[in-house]
Amino acid sequence: MRVGVLTGGGDCPGLNAVIRAVVRRGVADYGFEFVGFRDGWKGPLEGLTMDLDIDTVRGVLPRGGTILGSSRTNPIKVDGGVEKITANLADLGVDALIAIGGEDTLGVATALTQLGFPVVGVPKTIDNDLSGTDYTFGFDTAVTIATEAMDRLHTTAESHHRILICEVMGRHAGWIALHSGMAGGANAILIPEVPFDMDEVVGWVNSRFETNYAPIICVAEGALPKDGNLITKDTTLDAFGHVKLSGIGEWLAGALEAHTGHEARTTVLGHVQRGGSPTAFDRVLATRFGLNAIESVKDRAWGTMVGLRGTDIVRVPLQEATGTLKTVPIERYREATAFFG
Ligand code: F6P
């Protein structure tokens, strides 16, 4: 069998570990051949390929990013996009595709499966917001990076008696903020799922200063004040209809300075959270996903995605994974509030 592999959407530490596991087991155990598609769905759409064999994947386990490249190309939005993909796959003799991606990339995989394409999905996102899996690889790395940043922000905040705000990624789901904020001892965690009350945040900040500590606030880029609007960089949309976020941290610094009289500074972690080497946890999870994805191909389990349930790798319908986002449940957020203020 000739198997195509692509990585789509925002890159994520652990992508290369998945590719390596897919190829290593696919070649050694099943004698499969591989075609690497470049830059997400742009690859099959435009016939952009690269060699993918055991030699190509040697040494990539600890490497961040993706050797295949990525993009946010949405072939469904391109005129005749699906037909072009069908023709290119046929020309290249590709019998099956493994799509490694998040909500958008796997959304396209779901649509193509419904049209009869043989596709298997692997969940990827630092945001951890895909349903059908307890965790996605990349999340642990992002949380580790954000936690280390907050550890550092504590000492400079104390020295200058300042409010320090750490803005982390998380468009619709506050998983990175919740976990890194808890691990990093933030005095407030603000997430998209729970619009925040400015008076309450001011109260937490003031009470923190009263105990002679300086407050650290961990805010997800998609968090917004009650009765306020989402803060965006501009109004342009990508191919999947997303605006560019970031700005809530700066906004919050201004508002808190005005309300508390204390100096405030913001650190926006941005793409630092996505770059570099994956943690050991993410390397293992990504490797297990890869090994199981190629099993799914061998079993012709088209239209499924591998996922983590507890400590087991399971197969779930792609539709289940992309139907609704996995947001932070209110009970999980309430646990964290014990440490606010
Ligand atoms: O990977 C998902 C994500 O990290 C979101 O949290 C964030 O809004 C988005 O990527 C930003 O990615 P880019 O700058 O690549 O569009």
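Just so we're clear, the structure is a prediction, and the values are computed from it rather than from any experiment.

## What about the site of the ligand?
Around the ligand lies a shell formed by R72, I126, D127, M169, G170, R171, E221, H271 and R274. Contact between the ligand and E221: an oxygen atom at 2.6 Å from a side-chain N or O atom of the residue. In the model, an oxygen atom of the ligand is placed 2.9 Å from a nitrogen or oxygen of the R274 side chain. Contact with the protein chains covers 77% of the free accessible surface of the ligand, which is 400 Å². Of the residues contributing to the shell around the ligand, the split by class is two nonpolar, two polar and five charged.

## A look at the domain arrangement of the protein
Here the domain parsing of the protein yields domain 1 (2-137 + 278-323) and domain 2 (140-275). Taken together, the 19 residues of domain 1 in the interface contact 17 residues of domain 2. Buried area between domain 1 and domain 2, both sides added, is near 1600 Å², and the carbon and sulfur share of it is 56%. As a salt-bridge pair, R274 and D11 come within 2.9 Å of each other at their nearest N and O atoms. Residues that form the side of domain 1 that touches domain 2 fall into these classes: seven nonpolar, five polar and seven charged.

## Structural notes on the packing of helix 8 (residues 198-210) against helix 9 (residues 248-260)
The contact between helix 8 and helix 9 brings their axes to 10 Å, and the two run at 70°. Of the possible angle classes, the one that applies to helix 8 and helix 9 is roughly perpendicular. Here helix 8 and helix 9 pass one another in a crossing that is right-handed. Counted together, M198, V201, V202, V205 and N206 of helix 8 and W251, L252, A255, L256, H259 and T260 of helix 9 form the full contact between these two elements.

## Focus on the sheet that holds strand 1 (residues 2-7)
Reading across the sheet, the seven strands line up as 3-2-1-4-5-10-11 and stay open at both edges, with mixed pairing between neighbours. The open sheet has two edge strands with one neighbour each: strand 3 (49-51) and strand 11 (312-317). Each neighbouring strand pair of the sheet contributes to a mean axis angle of 30°, computed without reference to strand direction. For strand 4 (residues 96-101) and strand 5 (residues 119-123), the ladder comprises five bridges, and the chain directions are parallel. Its bridge partner lying in strand 5, A99 is registered against G121.

About the cut-offs
- The residue count restarts for each chain, going from 1 along the sequence in the order it is written.
- Since the coordinates come from a predicted model, pLDDT governs what is reported: local features require at least 70, and pairs of side-chain atoms require 80 or more to be given and counted, while whole-chain, interface and lining totals use all residues.
- Excluded from the side-chain calculation are hydrogens and water; included are all heavy atoms of the structure.
- Nearness is judged by heavy atoms alone; a residue qualifies as near a molecule or strand once a single heavy atom is within 4 Å of it.
- Polar contact is defined as a pair of N or O atoms within 3.5 Å, subject to the rule that within protein one atom must be able to donate a hydrogen and the other to accept it, and that residues adjacent in sequence are counted only when both atoms are side-chain atoms.
- For the area figures, the Shrake-Rupley method with a 1.4 Å probe applies, and any residue is considered shielded solely by the protein chains shown.
- Residues were grouped as follows: Ala, Val, Leu, Ile, Met, Phe, Trp, Tyr, Cys and Pro as nonpolar; Asp, Glu, Lys and Arg as charged; and all remaining residues, including Gly, as polar.
- Note: domain ranges come from an automatic or database domain assignment.
- Whether two residues are in contact is decided by their heavy atoms: any pair within 4.5 Å suffices.
- Summed over both partners, buried area is the accessible surface (1.4 Å probe) that two parts give up on being assembled.
- Take a side-chain nitrogen of Lys or Arg and a carboxyl oxygen of Asp or Glu: if they are within 4 Å of each other, that pair is a salt bridge.
- Here the axes come from fitting lines to C-alpha atoms, over the contacting stretch only for helices, and the angles between their N-to-C directions go from 0 to 180 degrees.
- Helical segments are the DSSP runs of H or I of at least four residues, strand segments are the runs of E of at least two, and each set is numbered from the N terminus.
- Working definition: roughly parallel below 35 degrees, roughly antiparallel above 145 degrees, roughly perpendicular at 65 to 115 degrees, and oblique for all remaining angles.
- Should the near helix be turned anticlockwise from the far one by less than a right angle, the crossing is left-handed, and should it be turned clockwise, the crossing is right-handed.
- A pair of strands is treated as paired once DSSP finds two or more bridges between them.

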